[in-house]
Amino acid sequence: MTSGPPTGVPVDFAAALADLRGAALRAEVRLTEIPAPRRVAPFSVALSGDVLPDAPQGRHDDVEHDHDDDPLATGRFVVLHDPAGQEAWHGTFRVVTLVRATLEPEMAADPMLADVAWSWVSECLETAGLAEGVDTLAAGGTVTRVLSQSYGALDGTPDAVDLEIRASWTPVDTHLGTHLRAWAALLTMAAGVPPLPEGVAALTRRFTDRSRQRHTVGP
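## Some thoughts on the sheet that holds strand S3 (residues 43–51)
(1) Moving on: One open sheet holds the 6 strands; their spatial order is S2-S3-S4-S5-S7-S6, and the pairing between them is antiparallel. The sheet is open, and its two borders are formed by strand S2 (29–34) and strand S6 (136–148), each paired with just one other strand. Strand-to-strand, the axes of this sheet are offset by a mean angle of 15 degrees, without reference to chain direction.
(2) Moving on: Sheet topology note: the strand S5 (residues 91–103)/strand S7 (residues 160–171) ladder contains 9 bridges and is antiparallel. Bridge assignment links Thr 97 to a residue of S7, and that residue is Ala 167.
(3) Moving on: Contacting S2, S3, strand S4 (73–86), S5, S6 and S7, helix H3 (residues 177–191) runs over the sheet at an angle of about 155 degrees to S4.

## A closer look at H3
(1) Moving on: Spanning 15 residues, H3 covers 21 Å between terminal C-alpha atoms, matching the ideal 21 Å at 1.5 Å per step.
(2) Moving on: If you check which residues of H3 are buried, you get Gly 177, Thr 178, His 179, Leu 180, Ala 182, Trp 183, Ala 184, Leu 186, Leu 187, Thr 188, Ala 190 and Ala 191.
(3) Moving on: One or two residues past the end of H3 sits Gly 192, with phi positive at roughly 80 degrees.

## Let's talk about the packing of helix H2 (residues 113–127) against H3
(1) Moving on: Packing of H2 against H3 brings their axes to within 8 Å, and their N-to-C directions diverge by 135 degrees. It follows that H2 is oblique to H3 by the angle criterion. As for how H2 packs across H3, the hand of that crossing is right-handed. Taking contact as the criterion, the partners of Trp 120, Val 121, Glu 123, Cys 124 and Leu 125 in H2 are, on H3, Ala 182, Ala 185, Leu 186, Met 189 and Ala 190.
(2) Moving on: When grouped by side-chain class, the residues that make up the contact of H2 with H3 number 9 nonpolar, no polar and 1 charged.

## With respect to the packing of aromatic side chains
(1) Moving on: Inspection of every chain in the model, using the stated rule, returns 2 aromatic pairs.
(2) Moving on: Look at Phe 13 and Phe 43: their rings are 5.8 Å apart centre to centre, the planes differ by 40 degrees, and that puts the pair in the tilted class. With a gap of 30 residues between them, Phe 13 in helix H1 (residues 11–21) and Phe 43 in strand S3 connect regions that are remote in the sequence. Comparing Phe 13 with Phe 43, the two get one shared label, buried.
(3) Moving on: Consider the rings of Phe 77 and Trp 183, whose centres lie 5.6 Å apart with planes at 45 degrees: the pair is tilted. With Phe 77 in strand S4 and Trp 183 in helix H3, the pair connects residues that are 106 residues apart, well separated along the chain.

## Let's talk about the pairing of S4
Regular strands place side chains that alternate from one sheet face to the opposite one.
(1) Moving on: Pairing of S3 with S4, which is carried by 9 bridges, proceeds in the antiparallel orientation. By the bridge assignment, Leu 47 is partnered in S4 with Phe 77.
(2) Moving on: Note: S4 against S5, 10 bridges, orientation antiparallel. Its bridge partner lying in S5, Phe 77 is registered against Thr 97.
(3) Moving on: Taking the residues that link successive antiparallel strands as the turn, the S4-S5 hairpin has 4 residues, and the phi of His 90 there is positive, at about 65 degrees.

## Some details on the pattern of salt bridges
Pairing between side chains of opposite charge can happen when the charged atoms of each approach one another.
(1) Moving on: Enumeration according to the criterion identifies 3 salt bridges in this entry.
(2) Moving on: Note that Glu 164 is salt-bridged to Arg 100, the shortest N-O span being 2.7 Å. Separated by 64 residues along the polypeptide, Glu 164 in strand S7 and Arg 100 in strand S5 bring together distant segments of the chain.
(3) Moving on: Looking at Glu 164, the relative accessible area reads 17%, which means it is buried.
(4) Moving on: Looking at Arg 100, the relative accessible area reads 36%, which means it is partly exposed.
(5) Moving on: We note a salt bridge from Glu 164 to Arg 166, for which the minimum N-O separation is 2.9 Å.
(6) Moving on: Through salt bridges with shared partners, a single ionic network connects Arg 100, Glu 164 and Arg 166.

Scoring rules and cut-offs
- Residues numbered from 1 in each chain as written.
- Predicted model: local features only at pLDDT ≥ 70, side-chain atom pairs only at ≥ 80, totals over all residues.
- Heavy atoms only, no water.
- Pairing = 2+ DSSP bridges.
- Helix = DSSP H or I, 4+ residues; strand = E, 2+ residues; numbered from the N terminus.
- Axes fitted to C-alpha atoms, helices over the stretch in contact; angles between N-to-C directions.
- Contact = heavy atoms within 4.5 Å.
- Expected span 1.5 Å × (residues − 1).
- Buried < 20%, exposed > 50% of the residue type's maximum accessible area, 1.4 Å probe, protein only.
- Parallel < 35°, antiparallel > 145°, perpendicular 65-115°, else oblique.
- Left-handed = near helix turned anticlockwise from the far one by under 90°.
- Nonpolar A, V, L, I, M, F, W, Y, C, P; charged D, E, K, R; others polar.
- Phe/Tyr/Trp six-rings, centres within 6.5 Å; stacked < 30°, edge-to-face > 60°.
- Salt bridge = Lys/Arg side-chain N within 4 Å of Asp/Glu carboxyl O.

None of the figures reported here should be taken as evidence of function without further support.
What follows is the structure, encoded as structure tokens:
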């Protein structure tokens, strides 16, 4: 007996969700499904991600972590699907991502910081095997940096640079697990986590139980 997607859910969107769930990510990355935008596209799914310091190897997202350390980086990964397509997308899917991280304050003076940060996007996509114009279309985004300086009662707080990378692109097929891995790599890169040595496999990461909430798809 075969089982298809839930009633009203396009086959392509169901296939994309299945591929996302099968993606293998690094142990430092914890995913949680969050409410997805409803007005941009008929169908959507959204994930939040945190890069956790000293994440225990082999632990999965359905296990609560017992430390209170702040994440090294946070972000969102959103998949939009319109079966009719949207002209600006050049396709029926659109991946919209966000990455936020706090960097060393001396990096604020680097005039190339934004260029370097944007190059991480291309690098992570290419490393995942996603070539612009072949596997992805119409990529674009912004890089924002904010220098925070403290005064008064907080005068002893070290200065910090908050980096925000927003990037979006159009996948050419439903194999979105690869796109999720590229975004997770960008998240860990912004967090300053060293890349995995060649030949070392990532661990399979699953969503929390909240990933089964009904907001996964549109009306």
